[in-house]
Amino acid sequence: MIVKNISSIEYFLQRGEPIDMTYRYNVNYHSLAPKTSFDSPHTFVAEFRNIRANSCPLLITEENEMLTEHIWPLLHKYKFKPDSNHKLWKKGEWSKKMDVDIPPITKSFAEPYKYFWLPIDKESAENPWHIWIDVISKFRLIEKRYGFDYENQIYIMSHRSHYFDKVAKLLFPALKYYVMPENTTWHFDHLIVPSMSNTDDGVLAPDLPSWLRHKFAPRGHNQNKKIWISRANSKTRKVVNEQEMLLMLKGWDIVKLETLDIEEQMSLFASAEVVVAPHGAGLVNLLWCNSLTKVIEFQDKQMLSKKVYPLLSYHLGLAHLTYVTKTVLVPMDKNKKPTGVKRKNDLINFEINTTDLLKFFTKHNI
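Residues numbered from 1 in each chain as written. Predicted model: local features only at pLDDT ≥ 70, side-chain atom pairs only at ≥ 80, totals over all residues. Heavy atoms only, no water.

## Points about the pairing of strand β10 (residues 115-118)
Here β10 shows no split at all, with Y115 and W117 on one side and F116 and L118 on the other all buried. Bridging between β10 and strand β13 (residues 185-194) involves two bridges; their strand directions are parallel. Its bridge partner being in β13, F116 is matched across the sheet by I192. Alignment of β10 against strand β11 (residues 154-157), held across three bridges, turns out to be parallel. (Buried < 20%, exposed > 50% of the residue type's maximum accessible area, 1.4 Å probe, protein only. Helix = DSSP H or I, 4+ residues; strand = E, 2+ residues; numbered from the N terminus. Pairing = 2+ DSSP bridges.)

## A short note on the nonpolar core
In terms of nonpolar packing, the biggest core is built from 55 residues, with W132, I136, F139, F164, F172 and F216 touching the most fellow members. F216 has contacts with W132, I136, Y150, L171, F172, W211, M266 and W288, leaving out every residue within four places of it along the chain. I6, L67, I156 and M180 belong to the second largest nonpolar core, which has 22 residues in total. (Core = buried A, V, L, I, M, F, W, Y, C linked by side-chain atoms within 4.5 Å. Contact = heavy atoms within 4.5 Å.)

## Here we look at the pattern of salt bridges
Counted by the stated rule, this structure contains 11 salt bridges. A salt bridge links K307 to D200; the shortest N-O distance between them is 3.5 Å. With K307 in the loop between β19 (294-299) and α9 (308-316) and D200 in the loop between β14 (198-199) and β15 (203-204), the pair connects residues that are 107 residues apart, well separated along the chain. A residue is classified by how much of its surface remains accessible, and D200, at 46% relative accessible area, is partly exposed. Taking the shortest distance from any N to any O, the salt bridge between K326 and E351 comes out at 3.8 Å. Of this pair, K326 sits in strand β21 (residues 326-329) while E351 sits in strand β22 (residues 348-351); the two residues are 25 residues apart in sequence, bridging distant segments of the chain. Judged by its relative accessible area of 54%, K326 falls in the exposed class. On the basis of relative accessibility, which here comes to 30%, the residue E351 falls in the partly exposed class. (Salt bridge = Lys/Arg side-chain N within 4 Å of Asp/Glu carboxyl O.)

## Things to note about the packing of aromatic side chains
Each aromatic ring pair is specified by the distance between its two centres and by the angle formed by the two planes. According to the stated counting rule, one finds 31 aromatic pairs in the structure shown. Where F109 meets F188, the ring centres are 4.8 Å apart and the plane angle is 10 degrees; that geometry is what we call stacked. Residue F109 is found in strand β9 (residues 105-109), and its partner F188 is found in strand β13; the two are separated by 79 residues along the sequence. Accessibility classification places F109 together with F188 in one group, the buried group. Directly above the aromatic system of Y178 lies the positively charged group of K107, at a separation of 5.2 Å from the ring centroid. The cationic tip of K107 hangs over the ring face of W186; the distance from NZ or CZ to the ring centre is 5.1 Å. (Phe/Tyr/Trp six-rings, centres within 6.5 Å; stacked < 30°, edge-to-face > 60°. Lys NZ or Arg CZ within 6 Å of the ring centre and 35° of its normal.)

## Description of the sheet that holds strand β20 (residues 319-324)
Strand order in this open sheet of five strands is β17-β16-β18-β19-β20, and the pairing throughout is parallel. The open sheet terminates on both sides in strands that have one partner only, identified here as β17 (253-255) and β20. Between one strand axis and the next, the sheet turns by 15 degrees as a mean value, whatever way the strands run. Across three bridges, strand β16 (residues 225-229) lies against β17 in parallel orientation. When the bridges of β17 are listed, I227 appears paired with D253. The strands touched by α9 within the sheet are β19 and β20, with β20 carrying the most contacts at an inclination of about 165 degrees. Across the sheet, helix α10 (residues 354-363) touches β16, β18 (272-278), β19 and β20, and the angle it forms with β20 is around 160 degrees. (Axes fitted to C-alpha atoms, helices over the stretch in contact; angles between N-to-C directions.)

## What about the packing of helix α6 (residues 207-216) against α9?
The N-to-C vectors of α6 and α9 enclose an angle of 65 degrees; their axes lie 8 Å apart at closest approach. Judged on the interaxial angle alone, α9 and α6 are roughly perpendicular. The handedness of the crossing between α6 and α9 comes out as right-handed. Touching P209, S210 and R213 of α6 are L312, H315 and L316, all from α9. Considering only residue class, the contact of α6 with α9 consists of three nonpolar, two polar and one charged. (Parallel < 35°, antiparallel > 145°, perpendicular 65-115°, else oblique. Left-handed = near helix turned anticlockwise from the far one by under 90°. Nonpolar A, V, L, I, M, F, W, Y, C, P; charged D, E, K, R; others polar.)

Structure follows, in structure tokens:
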């Protein structure tokens, strides 16, 4: 089947209901940051009739248009290395027009019911950042577009996310959603498709973080904790001389997030006066911090393009400081990345100069 591969935002803005217009904001999160001016994405809610959804995830309209951009962008390997990831097209065929071979339809969803598309890829399904910022945030667009409670609708997820299951059970237990089996295609008479509110690695629609905090942050916590987030059990981005630093911290909470459930993590950050942490997905919990909470994020000088958490803090009114520190390379294992590590540039740990960090704390009243 020959399909037209859609990449233009104008396609969706002409066929859907625009929600957020693009907005430019400036965040000077570090003197060496390669970029400080950012343009947030347009957001929208589009509706389609007679459409097929594939768990890759992608959509094929009745006009044979393939939709991947602005809804859930495919990873590089899905686009350009399909032979080892799926059988929908062949290597080297990613272009504006493609010959796509999707599996036969195994399930159909008829009107009068409406269904909402919540795509996520397998690699992102257990990442808290992607679940909160790229999946749950779509409820905001649905509320703004239709004015009804997002919790009373029916959703279609392209992959199982155990993390999403836990959040749903905790915060919106009435939510009804179906999960597509891998390598399947379903048909919908009527499918509602919210856009992503996050593009370019953390450039967010400005209203997104405050909406999530307003909807889900725990209430009634005093801001009286100084929190050091330890990645001592992680394979990468941990502080190799952490014990040396911890001996100097009096009255701090030393926390390993993997030992806490979701509710405990939310409550912890809601009570924070100061958060100190290496760069990592656990910092999505900044969503639950109160305004003016101080945040110090350890980062590699070569990775200052990673503006995810400084921009999140900006929208939440947090005092975010990026602390660049020395790094130590994590060796490959027989030329292979350790299990669970996505990118080679993640193969680092941090080594803190404790004297310099304590001076940094003093300078910023930590």
